Amino acid sequence: MAHLLMIESWVGAMSSLLPRAIRETGHRFTFLTRDLHHYLRSAPGAGPHPLLAAENVLTAETNDVPALLTHVERLHEVLRFDGVITSCDYYLSTVAAVAAHLGLPGPDPRAVDRAYRKDLTRAALRDAGVPGPRFELAEGWSATAKAAAGLGYPLVVKPVDLCGGMHVRKVVDEVQLREAFLALEAFPVNARDQPRVPTVLLEELLTGPEVSVETVTADGVTHVVGVTDKSLAGEPWFVESGHMFPADLTTADRDAAVGTAVAAIEALGLDSAVAHTEVKLTPDGPRLIEVNPRPAGNQITELIRRVTGVDLPAVFAQLAVGEAPSLTPAGTGVSSAAISFLLPPRAGLVAGVDGVDALDRDPGVVDWSVKPPGHRAGDPTSNNTYLGHVVVTDVDGTGARAKAERAVAGLTVRYAEEPA
């Protein structure tokens, strides 16, 4: 039985999926956080928070990496860790640095930095010849406006170190660019109180369907688990409204997406890693969007598990302790699985969600959840604003996406009247 040190986590689905996977692989974990209340305030369901299943729950300043290395070194002398792990993007580089410092398994910290930071990804993949959008990097308003004019509108504005689609938006002129720039400037730290990199990434606007390639790289060999499709909603934002596994693609499109993703992983130098790589299938060929050096979010790993039996959070834990990953598919009887998200029509105080009774009667629905009355909904500008989800399976083909979308379309959000 290996002992994992988990440094921080997401508070969504992965806060349950990763602890469950660690236990089911026969291992145990110690949880280390700078703010335990951050997780207790965001419990993913009734009952104790899954992170409290940890053998130890410890607190330390996880944002001060040099001090953390010293602190974890002392912990390691007593508790003896076999690996280090996190599900939170903001701590992927920290975990890689801690693992390397302790001499434990894990990817090269420099490769993780290159994958996590979108500006470093763009530069590395350009140098390696991996196809991507035309792009520019800038700091400050004057440089950003000049770079945008040179790139040409419409374009996409992105922060280089946020996730979940936060502050990613399409702009069609300098007025909208200014709005996007000021919004980023007003967001100097991320949700974990870490200072943000002020660099702005500007990219040409690509057209075509977007997919993600789910991979596991071990001992220098990248294994492709499959390709997931993606639905987007809410221009000018790029909110993910749903996913289906496997993606309903032609062989040529699947091969193009896979080839681009594998080339990107190799160019970044990622090894001992699970990756979720996003690729746009444009009329001019595949274009790399980003490489995430961790299992996919939005319950994509559960879609994969329902179809193939491969448990990517468990594989993530196995790699973290230096074990060979379990990638052999198992017969599940499911041909496709999909998730569709309930997006808020607007910001406001939710009074309830109508139509959930039909979900319990639908034999294709295998999981669903909605926010309770009293939840404060935000505007649907990122993947952090979901009001619920529905997961559907199809045993006959690739019909899961359509079924999931119909199920969510049957839900209605009611808002409470609030005093002026």
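These figures come from a predicted structure and were not determined experimentally. (Residues numbered from 1 in each chain as written. Predicted model: local features only at pLDDT ≥ 70, side-chain atom pairs only at ≥ 80, totals over all residues. Heavy atoms only, no water.)

## Section: the sheet that holds strand β16 (residues 365-370)
The line we're drawing: A pair of strands counts as paired when DSSP detects no fewer than two bridges linking them. A run of DSSP states H or I qualifies as a helix once it reaches four residues; a run of E qualifies as a strand once it reaches two. Both are numbered from the N-terminal end. The axes used here are C-alpha line fits, helices contributing only the stretch in contact, and every angle between their N-to-C directions lies in the interval 0 to 180 degrees. We call two residues in contact whenever any of their non-hydrogen atoms come within 4.5 Å of each other.
Pairing is antiparallel across the open sheet formed by eight strands, whose spatial order is β13-β12-β9-β10-β11-β14-β18-β16. A strand with exactly one partner marks an edge of an open sheet, and here the two such strands are β13 (285-292) and β16. On average, each strand axis in the sheet is tilted by 25° relative to the strand beside it, whichever way the strands run. In the sheet, strand β9 (residues 210-218) pairs with strand β12 (residues 273-282) via eight bridges, with the strands oriented antiparallel. Its bridge partner lying in β12, valine 213 is registered against threonine 277. Together, β9, β10 (221-233), β11 (239-245), β12, β14 (336-342), β16 and β18 (388-394) form the strand contacts of helix α10 (residues 300-308), whose direction differs from that of β11 by roughly 15°.

## Description of the sheet that holds strand β3 (residues 56-59)
One open sheet accounts for four strands, arranged β3-β2-β1-β4; its pairing is parallel. Each edge of the open sheet is held by one strand with a lone partner, namely β3 and β4 (83-85). Along the sheet, successive strands turn relative to each other by an average axial angle of 25°, direction set aside. One ladder, built from four bridges, connects strand β2 (residues 28-33) with β3; its direction is parallel. When the sheet's bridge partners are listed, phenylalanine 31 is paired in β3 with valine 57. The strands touched by helix α3 (residues 65-79) within the sheet are β1 (3-7), β2 and β3, with β3 carrying the most contacts at an inclination of about 155°.

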